[in-house]
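# Tertiary structure, described
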Amino acid sequence: MAVYLAIYNLFVFLIYLNHLSAVRHSSMPAVNSSFPELMVEGNQSWQAADVCGNFGGALLLFLRGSFCAESRIQVRQLMCAQEKLDARGVKLVLVSMETRAQWYERLRCDPQADIPGKWLFLQLDRDAAKNVPFIASSGAPFVRWWWGRDAVRPSTWLLDAEGYIVWRYLPDNYRVPGSGAQFLEQLYRLEE
């Protein structure tokens, strides 16, 4: 009986890893198109072109949530590479459904520290129709539903100085959202 129970548990675990953690992206903006307007908390409109115009471009990192270990790893990797982003004139924009304070607490970093001050942090408005392609309804783990069911679909976008999409990464699975090194390798595209 114990062997059957172990096999059953393994089967359920594999179904979760391969099917329930899959990301189902809706129609997303294409490469060489302008990045769409987003609505952030407080019913404020946010245009990527406004930020990109002050820099050589922007790296938008849509983070599933601070509960996601892979998302926290991505942020940590890009924290370590902040000098490379600065050298290229690229602004790092973190997009989440959670507050900046929740992220700083989970990352165990001081909000007054130098590196978080270099990020632009956006908290998406969960009720805005413009944000629907970027939000996974009931995408948070079951144990987190008490605090909120929705999560951001993980993705990464490299934008040029005019706010046009130069490169994008849309993962197939929540467990493989990409790495900071992979994103940094794409910065050469801004020179073309």
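Overview of the structure. Predicted, not measured: the structure shown is a model, and the values here were computed from it.

### Here we look at the pairing of strand S3 (residues 57–62)
Counting buried positions along S3 yields six of six residues, so the element is predominantly enclosed. With burial as the criterion, each face of S3 is covered, one bearing Gly-57, Leu-59 and Leu-61 and the other bearing Ala-58, Leu-60 and Phe-62. As judged from the six bridges shared by S3 and strand S8 (residues 155–160), these two strands associate in the antiparallel manner. The residue of S8 that forms the bridge with Phe-62 is Ser-155.

### A word on the sheet that holds S3
Read across the sheet, five strands follow the order S5-S4-S3-S8-S9 without closing on themselves; strand pairing throughout is mixed. Because the sheet does not close on itself, it has two edges, and the strands there are strand S5 (120–123) and strand S9 (165–169). When strand polarity is set aside, the average angle formed by the axes of neighbouring strands in this sheet is 15°.

Thresholds, definitions, all that
Residues numbered from 1 in each chain as written. Predicted model: local features only at pLDDT ≥ 70, side-chain atom pairs only at ≥ 80, totals over all residues. Heavy atoms only, no water. Buried < 20%, exposed > 50% of the residue type's maximum accessible area, 1.4 Å probe, protein only. Helix = DSSP H or I, 4+ residues; strand = E, 2+ residues; numbered from the N terminus. Pairing = 2+ DSSP bridges. Axes fitted to C-alpha atoms, helices over the stretch in contact; angles between N-to-C directions.

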